[in-house]
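Listed below, chain by chain, are the residues.
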Amino acid sequence: MRKGGGKSKGNSFERDVCRKLSTWITNGTDSEVFWRAASSGAMATQRQKVGKDTRQHGDITSVDAAGNAFIDNHYIECKFYKDLHVQNIVFGKRLVGEGNLYNIWVDTRNKSIELGKSPLLICRQNNMPEIICLRPPSVRGFFDSMDAELNMTMENTRSGMCVFRFDYFLENAKVPS
């Protein structure tokens, strides 16, 4: 990859996730309900530093009323790395540096707790399908049956993370009313 190409890869990934979530939440009628947050969430951080509140947190925000309730209840982060080091979750190993799924999840979860929202981490590593990470209470909220647990890719009880393929989530999760 060319130098600096990681940022454009991440931006493109965020736009793709926005379209997929938009199509999901509108049952296929609109692909532009969600979009990348200004500065990918940095605006919220800067506003908080000066004591101002904002509806915009995380990497994705709503640009249509159809997505407002979802954004009000969920803190969404999107990450695309060369290697997410998924095996470290299995072996309980923390790595220093970027791209470690466990560390990204813990940061996402902690920020969502600060905001009083449910965390959604949508991520991908090179040459692999997208995954979505959520907390167990969210799994019960999005899925009616035990089928979801059978289709869960991984669960890490220590970090409170359940992992699904993102395409499975989009096809089977109920749209919140």
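Above this text is the structure in question.
Here the residue numbers are simple positions, counted from 1 along each chain's written sequence. pLDDT decides what is reported in this predicted model: residues at 70 or higher carry local features, side-chain atom pairs at 80 or more are listed and counted, and totals for whole chains, interfaces and linings draw on all residues regardless. Derived side-chain values reflect all non-hydrogen atoms in the structure, with water molecules and hydrogen atoms excluded from consideration.

Draft legend 1. Summary view of the overall build of the protein chain. A count of helical and extended segments in the protein chain gives eight helices and seven strands. A 1.4 Å probe rolled over the protein chains alone gives each residue an accessible area, and that area as a share of the maximum for its type sets the label: buried under 20%, exposed over 50%, partly exposed in between. Among the 177 residues that make up the protein chain, the fraction classed as buried is 46%. Across the protein chain, contacts joining residues at least 24 apart in sequence account for 57% of those joining residues at least 6 apart. The helix count covers DSSP runs of H or I at least four residues long, the strand count covers runs of E at least two residues long, and both are numbered beginning at the N terminus. Should any heavy atoms of two residues lie within 4.5 Å, those residues are counted as being in contact.

Draft legend 2. Up close: the sheet that holds strand 5 (residues 131-134). DSSP bridges decide pairing: two strands pair if at least two such bridges lie between them. If you walk across this open sheet you meet the five strands as 3-4-5-7-6, and the pairing is mixed. Here the strands that pair on one side only, and so sit at the sheet edges, are strand 3 (74-81) and strand 6 (154-156). If you compare each strand with its neighbour and ignore which way they point, the axes differ by 20° on average. In the sheet, strand 6 pairs with strand 7 (residues 161-165) via three bridges, with the strands oriented antiparallel. Residue Met154 lies in a different strand from strand 7, and its bridge partner there is Val163. The convention used is that axes are lines fitted to C-alpha atoms, helices contributing only their stretch in contact, and that angles between N-to-C directions extend from 0 to 180 degrees. Its contacts with the sheet put helix 5 (residues 101-115) on strand 3, strand 4 (118-125), strand 5 and strand 7, and the angle it makes with strand 4 is roughly 155°.

Draft legend 3. Just the pairing of strand 3, in detail. Strand 3 sits mainly inside the fold: seven of its eight residues count as buried. Direction of pairing for strand 3 relative to strand 4: parallel, over a ladder of eight bridges. Along strand 4, the bridge assignment pairs His74 with Ser118.

Draft legend 4. Broad picture of the packing of aromatic side chains. Each Phe, Tyr or Trp ring (for Trp, its six-membered ring) is paired with any other whose centre lies within 6.5 Å, and the angle between the two planes then decides the class: stacked below 30 degrees, edge-to-face above 60, tilted in between. Summed over all chains, the structure comprises 12 aromatic pairs. An aromatic cluster is defined as three or more aromatic residues linked by ring pairs; in this entry it consists of Trp24, Phe34, Phe70, Phe142, Phe143, Phe164, Phe166, Tyr168 and Phe169.

Draft legend 5. Looking closely at the layout of surface pockets. Put simply, the second largest pocket is a space of about 210 Å³. At the level of secondary structure, the elements contributing two or more residues to the lining of the second largest pocket comprise strand 4 and strand 7. Put simply, Ala, Val, Leu, Ile, Met, Phe, Trp, Tyr, Cys and Pro go in the nonpolar bin, Asp, Glu, Lys and Arg in the charged bin, and everything else, Gly too, in the polar bin. Across the lining of the second largest pocket, the residue classes tally to seven nonpolar, four polar and three charged. Every definition here rests on a 1 Å grid over the protein atoms only: cavities are sets of points where a 1.4 Å probe fits but cannot get out, pockets are open sets enclosed by protein on both sides within 12 Å along at least five of seven lines, and lining residues have some atom within 4 Å of a point. Grid points are joined across faces, edges and corners, and a volume is the space filled by probe spheres set on the points.

Draft legend 6. Up close: helix 5. A helix is expected to reach a length of 1.5 Å times the quantity of its residues less one. The terminal C-alpha atoms of helix 5 lie 21 Å apart, and with 15 residues this matches the ideal 21 Å at 1.5 Å per residue to within 8%. Leu101, Tyr102, Asn103, Ile104, Trp105, Val106, Thr108, Arg109, Lys111 and Ser112 are the residues of helix 5 that are buried. Once helix 5 finishes, Gly116 follows within two positions and takes phi at roughly 70°, a positive value.

Draft legend 7. Region of the structure containing unusual backbone geometry. You will see that His85, though not glycine, has its phi angle at about 55°, which is positive. Turning to its location among the elements, His85 is positioned in the loop between strand 3 and helix 4 (87-91). Not every positive phi belongs to a glycine, and Asn127 is a case in point at roughly 60°. With respect to the secondary-structure elements, Asn127 resides in the loop between strand 4 and strand 5. With relative accessibility at 74%, the residue Asn127 sits in the exposed group.

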